[in-house]
Amino acid sequence: MKKIKWSKTTGKNTMTYGLVILAYVVLQLFGAAGLMSSSLKGMLIPICAYVAMAISLNLTVGVLGELSLGHAGFMSVGAFCGTSTAILLQNAVPSAPLRLAISLVMGALFAAVVGFLIGIPVLRLRGDYLAIVTLAFGEIIKSIFNNLYLGVDSHGLHVSLLSDRTNLAEGGSLIIGGPMGIGGIQKIATFTAGFVLIMVTLVVVFNLVNSRAGRAIMAIRDNRIAAESIGLNITKYKMMAFVTSAALAGAAGALFAMNYSTVVANKFDFNTSILVLVFVVLGGQGNMLGSIIAAAALTILPEALREYADYRMLVYAIILILVMLATNNPTLKSWLDRLKSGRRKAKEAI
Amino acid sequence: MTFLNFLISGISLGSIYAIIALGYTMVYGIAKMLNFAHGDVIMVGAYICFYAISRFELPPLVGILLAMIVCMLLGIIIERLAYKPLRSAPSLAVLITAIGVSYFLQNAALLLWTPNPKVFPSVVGDGKVELFGGQLTISHVTIVTIVACVAIMIFLTVFTESTKMGKAMRACSEDKGAAQLMGINVNATISITFAIGSGLAAIAGALLCSAYPTLIPTTGSMPGIKAFTAAVFGGIGSIPGALLGGLLLGVIEIFAKAYISTQLSDAIVFAVLIIVLLVKPAGLLGKQIREKV
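For the structure given in this document, a descriptive report is provided here. Keep in mind it's a predicted model, so treat the numbers as computed, not measured.

**Some remarks on empty space enclosed by the protein**
Residues and elements named next belong to chain A. Across all of its chains, the model carries 3 cavities of 30 Å³ or more by this definition. A volume near 50 Å³ is recorded for the largest cavity. Lining the largest cavity, in full, are S68, G70, G73, F74, I118, T134, F137, G138, I141 and F242. Sorting the residues of the lining of the largest cavity by element identifies α3 (71-88) and α5 (127-146) as the ones contributing at least two each.

**Quick notes on unusual backbone geometry**
Trans peptide bonds make up most of the peptide bonds, and negative phi angles are found at most residues other than glycine. All names here are of chain B. For K32, which is not glycine, the phi torsion reads 50° and is therefore positive. Along the polypeptide, K32 turns up in the loop between α1 (2-31) and α2 (38-55). Exposure remark for K32: the relative accessible area of 45% places this residue in the partly exposed category. Although it is not a glycine, T114 sits at a positive phi angle of roughly 55°. Residue position: T114 is located in the loop between α4 (91-113) and β1 (118-119).

**Some details on the environment of T97 of chain B**
In this fold, T97 of chain B is placed in helix α4. If near-sequence neighbours (up to four positions away) are discounted, T97 of chain B is found in contact with I321 and M324 of chain A together with A82, Y83 and L86 of chain B. One polar contact links the side chain of T97 of chain B to the main-chain carbonyl oxygen of A93 of chain B, over a distance of 2.7 Å.

**With respect to the nonpolar core**
Residues L69, L255 and L277 of chain A together with F36, Y83, L95 and F228 of chain B are the most contacted members of the largest nonpolar core, which totals 210 residues. Beyond its immediate chain neighbours, meaning those up to four positions away, Y83 of chain B contacts M33, N35, A37, I78, V94, T97, A98, V101 and F194 of chain B.

**A look at the interface of chain B and chain A**
Facing 47 residues of chain B, the contacting portion of chain A comprises 44 residues. Among the residues chain B hides against chain A, the three largest losses belong to L92, I96 and Y103 of chain B. Together they make up 16% of the total. Summed over the shared surface of chain B and chain A, the result is 0 salt bridges. Along the contact surface separating chain B from chain A lie 1 residue pair in polar contact (both at pLDDT 80 or more).

**Section: the environment of L278 of chain B**
Mapped onto the elements, L278 of chain B comes out in helix α11 (residues 265-279). Taking the relative accessible area as the measure of exposure, L278 of chain B reaches 27% and is therefore partly exposed. Remark: the alpha-carbon pair of L278 of chain B and W113 of chain B, spanning 165 residues in sequence, is separated by 42 Å. When neighbours within four sequence positions are excluded, L278 of chain B is seen to be in contact with P121 and R124 of chain A.

What counts and how
Residues numbered from 1 in each chain as written. Chains lettered and ligands numbered in written order. Predicted model: local features only at pLDDT ≥ 70, side-chain atom pairs only at ≥ 80, totals over all residues. Heavy atoms only, no water. 1 Å grid on protein atoms, 1.4 Å probe; cavity = no way out; pocket = protein on both sides within 12 Å on 5 of 7 lines; lining within 4 Å. Points joined across faces, edges and corners; volume = space filled by probe spheres on them. Helix = DSSP H or I, 4+ residues; strand = E, 2+ residues; numbered from the N terminus. Buried < 20%, exposed > 50% of the residue type's maximum accessible area, 1.4 Å probe, protein only. Contact = heavy atoms within 4.5 Å. Polar contact = N/O pair within 3.5 Å; in protein donor to acceptor, adjacent residues only side chain to side chain. Core = buried A, V, L, I, M, F, W, Y, C linked by side-chain atoms within 4.5 Å. Buried area = accessible area lost by both parts, 1.4 Å probe. Salt bridge = Lys/Arg side-chain N within 4 Å of Asp/Glu carboxyl O.

Here's what the structure looks like:
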């Protein structure tokens, strides 16, 4: 029998899968036993969406090594396209889970296309300039969806920008209403769907990272010139990571939107992009399990701080600064390391 | 004449962006970090100025000076507490810390000053100058803004070119280690840069709120992002670049609002930025750094 090679990465990846499954099972059991508060129950789907967002952004920031400040733009594309698909298919596909699946796929597809189009100019730039252009694209996407009108009637789809000129025939309905966004969404997103989305995201990202392409992407991150000199096609591999990241964010956006009855473009602004970036940096760049934990913890944290009412966001900000200082300050870090090694020595002595 | 009117209001808005962008660019030049909290320092400056003028009925100039002093202290404190411990850390960590500081300032303002919008009294009154028989009206705020921008620009250029402190700043931005060996106090230089940047933010806050008089705890964030864009537009780290970027951004924004579409004006501004960066990847006046292999 061939022995399966059990490398360090495989072990770590299996642990990540295992922990996600464990968390799902435990939460389901808690829910069934009625131990979960209603506020936590309502947050399960947003947490799933943010976890998927964090994993997908980690692909761009951690694995590809480029700072993106406009990840919420892809989430927005996914949310609007996915939700529109769900509304259009309301009668054609009666099964809710199937409709949800199709919508997520459509959200991912559209986000991938937008990601590709944005990637062409963005990936030519470097460092802070790349970051500012992703920010700019995020704002542009927000502005466009804020002014987009999409209606459907017996003649098909009607699209107009800036003002409602869809001129729908009788019996038609407006799906996207400019700054009003999409209203009357059927909340078909479920926690199980969120769990499946996280698993799919993990499978896609882990398989990409552990493939030939993934190693090429990391080589580009570590030293672009060296990677270029051994004949790697920089644009191709950068684009691969960027588009995958966009597509996964699109699916997450679609899931997120279908948990609410209305969705507006302003929900996916610069602050949302930053929020997801905070998850990635706190969890550790390139560390998917870290992203998952950070996303879940930081989504729950403001709720958990509810008893401090007005002070909760202030406390959140202070915690954020303190965590960054604690994990990145050389003096504090060496002090923590010494503490750790001291404890280990103490154990050995016993 | 309407064209001239739009042009002047564009230059006025652009001057405000330029003053904010100068703060961004100076801090970036020396600390190599995107200080996302800069926009919120503007807001703090505007609030201090508001309370000084409306509550304590101080003269506007004293109000602005007070706001500048408070913001300069705030800038130094932020740098000492949040950024200095991270000077050798990866840039992303510093970025997230800056975002944390930004959240902190916004929420502290929310608690201190409540979310209710305050009507900011103009620091120069409501007067206006009429030219060409009333066809062209220029408000005093506009004139003061433009004059302030030019004055600040001249001051900064002279300061960085010929004073000892300015030279130290340029030395630090080029090579901190070498600057330290030459006997420059790097920490003090960085603190002073933050102080100047934050002082400029206070002036920008007072001018911004004189032109657009609603003051809420998030007032600073959008102008902050726009000015950041302006700094990149002109080439981040370059002082004339920040001025040029700010002015162009303001003019483009007003023209886009006037001639194309009000709702899409932000999208147009950002689209222009993207096109400029594609042609000149280091901004209009930025230095293109050759990579050495």
